[in-house]
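# A look at the structure
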Amino acid sequence: MLDILSSFTTVALGIGAYFATVGALYGATLLLPIGPRERAQSWVFVGPALALLVIGLLVPALRTIYLSFFTGPTASKFTGIDNYRIMVTRSDNLIVLRNNFFWLVGVTSISTILGLGIARLTDGMRGESTAKALIFMPMAISLVGAGIIWKFVYAFTGDRSVDQIGLLNQMWIWLDPILPGRQDPQQWLLITPWNTFFLIAVMIWVQTGFATVLFSAAIKGVDDTLLEAARIDGATERQVFFGVVIPSIRPTIVVVLTTTTIAVLKVFDVVRAMTGGNFETEVIANDMFDKSFREGNPGYGAALATVLFLAVIPIVWVNVRSMRVSRENA
Amino acid sequence: MTATVTPSENPLAEVLTEEPRRPSRIGVGAHLHKTLTTKFVVWTIVALWSIPTVGLLVSSIRPERKVKTTGWWTFFVDHQTTLQNYRDVLADRASGGQMGAYFLNSIEITIPGTVVPVVIAAFAAYAFSWMTFKGRDWLFVAVVALMVVPLQMALIPLLQLFTGGAHIFSITIIPDLGLSNSVATIWIAHTIFALPLAVFLLRNFIGSLPRELMEAARVDGASHLVTFVRVVLPLAIPAIASLVIFQFLWVWNDLLVGLVFGSGKATAPMTVRLAELSGDRGQDWQRLTSGAFVTMIVPLIVFFSLQRYFVRGLLSGSVKS
């Protein structure tokens, strides 16, 4: 009980401290004559946000780029571009980049296509909102939780002499009479390189709901008269979908692709919770964490973070450009 | 104040609250949903999407021996239940899961980690929309541009800052604030990382409120603070609610920030403990399943009770203008 009380005291103190500071500063502006007062007030309003962003994000980001040229446990020894060179030459580091590429292509394409398909099939269906809510639910829980849920699906208890507790292995055995060959229980998360794809499936499970919700809203916004006109002209439902609906929701497709790509680039929790990056499932963000905070090589970690940042830029650039194009067309 | 405006008079609020509706006869899927095949496909996908979670929930209430030796689906013919797994995973003793203590940490982190960035961002959004100061426009662009910086870019220097302060040529710019063993480091980090998107979303909303409203308030002699608190905030409730839910779930579910800035049972959030259990006691399925459900319960309640706001926040958050 005391724990909870002290917990909430900390919370109240944190929030109280912030309001006290802002209140005091705002009070101080009231002492100023009206002209400077308004200017001072606008800095009180915008100042905390700007200060936090400069101290906590802008300067650290620049410093990370700087640190990426250093090595050693405190990143104090200058090494030039060695960190980057090691990243693209050593084979275990190359696996990291390869895995991120698999993640990027796998999750982005499959969850977008699935989301689009589900949004189309459920549109106007009875029980639409229930179906969508259940598909969307994984989005609300933590990726660590999602990782545990799926680790349990992939669980392996031993060969056929014992009962399986993992759903996938049980289904694999049930399929034995149907499929050619012999289906023995597998340690799914240990089979390289397929284990990466079993992790990717988890992220698809999470991201599909997101794509579905966005596409569903976009599809409902498509102009009805366009749909009717196409149907009167004798277009099949397939033609209506690919000829009318897809072009009208293009901006949403770009948004889903961008958001998913950026989320997947930074994937961390799933790998951390399920394999810890072992058995050749390592990805950039998890490697960055281990190198920086566990293995005492923050310089290399900083280089990995910088690569993440550089990878985001072209995606954002494409996104901004496509929006400018769609705005000009509108 | 003479200008009192209800949220429904704000056209943007209307658009945001009302999802587009129309008769299902003419919708995109109109000609599909009649067939049984469509229904079959949809509900198969729904089942596929739900079954893993059901398996987790069922396992979390089965006795340890059963969880470890038989599939959870056998529960439907052999339904023994127990709450022992939850007692074990929440228990504070060394052999327990200690999730209770971590649960409190999560609350201590998530509440300020949600309230503080939203408040700071709301002030900034108001200033960017309705106050005039030097460099306003390019400062706003700079804030928005920071959205593209992955938080990984800030972790190493921020940790150094929290543990040792900031120094340039041995001159101390920011002293060691002695925060390194406090939950404050975690929610401060969350606050910083949330600001670019929060400022962007709230400025879009607050900036689209009618100009006459602000002018009326000024004519009535209301100061900026009064205008902000009494006029703008009530109107911005829908946008703020979506942002709060979104940020709450983000902080609650986060692992990375908690791992970097948290330190064990004293400050780390639940997700950190769950990942630890998954690594150290990977075969203790009775604990992993119940532990995972303990972390999921709050987001699931938020999700199912406030789904509308959540979806709306997602739509406005990702459809950047």
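What you see is a predicted model, and the numbers here were worked out from it, not measured in a lab.

How each quantity is defined
Every residue gets a number counted from 1 within its own chain, in the order that chain's sequence is written. Here every chain gets a letter starting at A, and every ligand a number starting at 1, in the order they are written. The predicted nature of this model means local features are confined to residues of pLDDT at least 70 and side-chain atom pairs, given and counted, to a pLDDT of 80 or more, with totals for whole chains, interfaces and linings taken over all residues. Hydrogens and water molecules were not included; the side-chain quantities draw on all heavy atoms of the structure. By the criteria applied, helices consist of DSSP H or I runs no shorter than four residues and strands consist of E runs no shorter than two, each listed in order from the N terminus. Under the scheme applied here, a residue whose accessible area is under 20% of the maximum for its type counts as buried, over 50% as exposed, and between as partly exposed, the area being computed with a 1.4 Å probe on protein chains only. By definition in these notes, contact holds between two residues if any of their heavy atoms fall within 4.5 Å. Accessible surface is estimated by sampling points in the Shrake-Rupley manner with a 1.4 Å probe; for residues, cover comes only from the protein chains shown. Here the globule rule reads 2.2 Å times residues to the power 0.38, and the radius of gyration is calculated from C-alpha atoms. By the counting rule applied here, Lys and Arg register as positive and Asp and Glu as negative, while His and the ends of each chain are not counted. All charge positions are set by atom: Lys at NZ, Arg at CZ, Asp at CG, Glu at CD. What makes a salt bridge here is a side-chain nitrogen of Lys or Arg within 4 Å of a carboxyl oxygen of Asp or Glu, nothing more. Buried area: the accessible area, evaluated with a 1.4 Å probe, that two parts lose upon being put together, summed over both parts. Here a polar contact is taken to be a pair of N or O atoms separated by no more than 3.5 Å, where protein atoms must pair a possible hydrogen donor with a possible acceptor and residues adjacent in sequence count only if both atoms sit in side chains. When residues are grouped by polarity, Ala, Val, Leu, Ile, Met, Phe, Trp, Tyr, Cys and Pro land in nonpolar, Asp, Glu, Lys and Arg in charged, and all others, Gly among them, in polar. Under this scheme, a helix contributes an axis fitted over its contacting stretch, all axes are lines through C-alpha atoms, and angles between N-to-C directions fall in the 0 to 180 degree range. Rotating anticlockwise by less than a right angle from the far helix to the near helix defines a left-handed crossing, while the corresponding clockwise rotation defines a right-handed one. Among buried residues, those of type Ala, Val, Leu, Ile, Met, Phe, Trp, Tyr and Cys that are joined through side-chain atoms within 4.5 Å constitute a nonpolar core. Detection works on a 1 Å grid of protein atoms alone, calling trapped sets that fit a 1.4 Å probe cavities and calling open sets with protein on both sides within 12 Å along at least five of seven lines pockets, with lining residues defined by an atom within 4 Å of a point. Grid points are joined across faces, edges and corners, and a volume is the space filled by probe spheres set on the points. Each domain's extent is set by a domain assignment, obtained either automatically or from a database. To estimate how far a helix should extend, the number of its residues minus one is multiplied by 1.5 Å. The angle between axes fitted to the seven residues ending at a residue and the seven residues starting there is what we call the bend at that residue. The predictor reports its confidence for every residue as pLDDT, a score running from 0 up to 100. Note on terminology: angles under 35 degrees are roughly parallel, angles over 145 are roughly antiparallel, angles of 65 to 115 are roughly perpendicular, and the others are oblique.

For the rest of this paragraph, the subject is the overall build of chain B. When helices and strands are counted, chain B shows 16 helices and two strands. For chain B, the proportion of its 321 residues judged to be buried stands at 55%. Across chain B, every contact between residues at least 6 apart in sequence was considered, and the portion connecting residues at least 24 apart equals 70%. Surface accessibility of chain B: about 13,800 Å² in total, with carbon and sulfur atoms responsible for 65%.

Within chain A, the secondary structure is distributed over 14 helices and two strands. Here the C-alpha atoms of chain A give a radius of gyration of 26 Å, more than 25% beyond the 20 Å that 2.2 N^0.38 yields for 330 residues. Oriented by its inertia axes, the alpha-carbon framework of chain A measures out at about 85 × 60 × 55 Å. Residues counted as buried form 50% of the 330 residues belonging to chain A. Within chain A, residue pairs in contact and separated by at least 24 positions form 62% of the contacts whose partners lie at least 6 positions apart. For chain A, the exposed surface amounts to about 15,100 Å²; the carbon and sulfur share of it is 68%. Side chains of chain A give 24 positive and 22 negative charges; the mean places of these two sets differ by 7 Å.

Glancing now at the pattern of salt bridges. All names here are of chain A. Under the counting rule described, the total for this entry stands at 21 salt bridges over all chains. The closest approach of N and O atoms between K132 and E128, which form a salt bridge, is 3.1 Å. Placement of both K132 and E128 in helix 5 (residues 128–136) is noted, with a separation of four residues, approximately one turn of the helix. Residue classification places K132 among the buried positions, given a relative accessible area of 16%.

A few words on the interface of chain A and chain B. Contact with chain A, which involves 111 residues of that partner, is made by 109 residues of chain B. With both sides pooled, the region where chain A packs onto chain B buries about 9,600 Å², and carbon together with sulfur makes up 78% of that total. Along the contact surface separating chain A from chain B lie one salt bridge. A salt bridge links E38(A) to R218(B), with the nearest nitrogen and oxygen atoms 2.9 Å apart. Where chain A packs against chain B, one counts ten residue pairs in polar contact (both at pLDDT 80 or more). Among the elements that take part in the side of chain A that touches chain B, helix 2 (residues 34–67) of chain A stands out by supplying 21 residues, more than any other. Of the residues that constitute the side of chain A that touches chain B, the class distribution is 71 nonpolar, 22 polar and 18 charged.

Residue and element names in this part refer to chain B. Between helix 5 (residues 99–130) and helix 11 (residues 237–253), whose axes approach to 9 Å, the crossing angle comes to 145 degrees. Viewed along their axes, helix 5 and helix 11 form a crossing whose handedness is right-handed. Listed contacts from helix 11 to F103, S106, I107, I109, T110, G113, T114, P117 and V118 of helix 5 are I240, L243, V244, Q247, F248, V251 and W252.

Counting 176 residues, the largest nonpolar core has W103(A), Y154(A), F128(B), L155(B), F193(B), L202(B) and F261(B) as its most contacted members. The residues contacting F128(B), other than those within four sequence positions of it, are V46(A), L50(A), F133(B), R136(B), L139(B), F140(B), V143(B), V199(B) and R203(B). If you look at the next biggest cluster of nonpolar residues, it comprises 21 residues, including F210(A), A218(A), I219(A) and M323(A).

So, on to empty space enclosed by the protein. Per the counting criterion, the structure on display carries one cavity of 30 Å³ or more. By volume, the largest cavity amounts to about 30 Å³. Forming the walls of the largest cavity are Y18(A), V22(A), V44(A), F45(A), P48(A), I120(B) and F123(B). By residue number, the principal contributor to the lining of the largest cavity is helix 2 of chain A, which donates three residues. Residues belonging to the lining of the largest cavity are distributed by class as follows: seven nonpolar, no polar and no charged.

All names here are of chain A. Along the chain, T192 connects to P193 via a cis peptide bond; the corresponding omega equals -10 degrees. In this fold, P193 is placed in the loop between helix 7 (167–174) and helix 8 (194–220). Unusually for a residue other than glycine, A75 sits at a positive phi of about 50 degrees. Considering the arrangement of structural elements, one finds A75 in the loop between strand 1 (70–71) and strand 2 (77–78).

Below, the discussion takes up the domain arrangement of chain B. Residues and elements named next belong to chain B. The assigned domain composition of chain B is domain 1 (7–27 + 95–318) and domain 2 (35–82). Contacts between the two partners involve nine residues from domain 1, matched on the other side by eight residues from domain 2. Here domain 1 meets domain 2 over a buried area of about 680 Å², counting both sides, of which 77% is carbon and sulfur. When the buried surface of domain 1 facing domain 2 is broken down by residue, Q286, T289 and F293 rank first, second and third, together holding 62% of it.

This part takes up helix 15 (residues 285–305) of chain B. Note on helix geometry: an α-helix contains 3.6 residues per turn, so any two residues three or four positions apart are oriented the same way. Taking 1.5 Å of rise per residue, 21 residues should cover 30 Å, and helix 15 of chain B covers 29 Å from first to last C-alpha, within 8% of that figure. When the local axis directions of helix 15 of chain B are compared, the greatest deviation, roughly 40 degrees, occurs at M296(B), which is followed within four positions by the proline P299(B).

For chain A, the assigned domains are domain 1 (2–67) and domain 2 (89–329). In this structure, domain 1 of chain A and domain 2 of chain A have C-alpha centres spaced 38 Å apart.

Attention now goes to the confidence of the model for chain B. Parts of the prediction with low pLDDT should not have their coordinates interpreted in detail. All names here are of chain B. Taken over all residues, the pLDDT of chain B has a mean of 84, while the share at 70 or more is 83%. Confidence, expressed as mean pLDDT per element, reaches its minimum in chain B at helix 1 (residues 11–17) with 36 and its maximum at helix 12 (residues 256–261) with 95. Taken together, the stretch residues 1–24 has pLDDT below 50 and engages in 33 contacts with residues farther than four places along the chain or on a different chain.

Right, let's get into the packing of helix 4 (residues 91–122) of chain A against helix 2 (residues 36–60) of chain B. Interaxial distance between helix 4 of chain A and helix 2 of chain B falls to 10 Å at its minimum, and their mutual angle equals 130 degrees. The orientation of helix 4 of chain A with respect to helix 2 of chain B, classified from their angle, is oblique. Helix-helix and strand crossings are classified by hand; for helix 4 of chain A and helix 2 of chain B the assignment is left-handed. Taking contact as the criterion, the partners of L114(A), I118(A), L121(A) and T122(A) in helix 4 of chain A are, on helix 2 of chain B, T38(B), V41(B), V42(B), I45(B) and W49(B).

In this section: the environment of V231(B). Note on placement: V231(B) falls in helix 10 (residues 224–235). Along the primary structure V231(B) and I51(B) are separated by 180 residues, whereas in three dimensions their C-alpha atoms are 47 Å apart.

Moving on, we come to the environment of T132(B). Residues and elements named next belong to chain B. Within the fold, T132 resides in the loop between helix 5 and helix 6 (136–145). On the accessibility criterion, T132 (68% relative accessible area) is exposed. Considered as a pair, T132 and G264 are 132 residues apart in the sequence and their alpha carbons are 46 Å apart.

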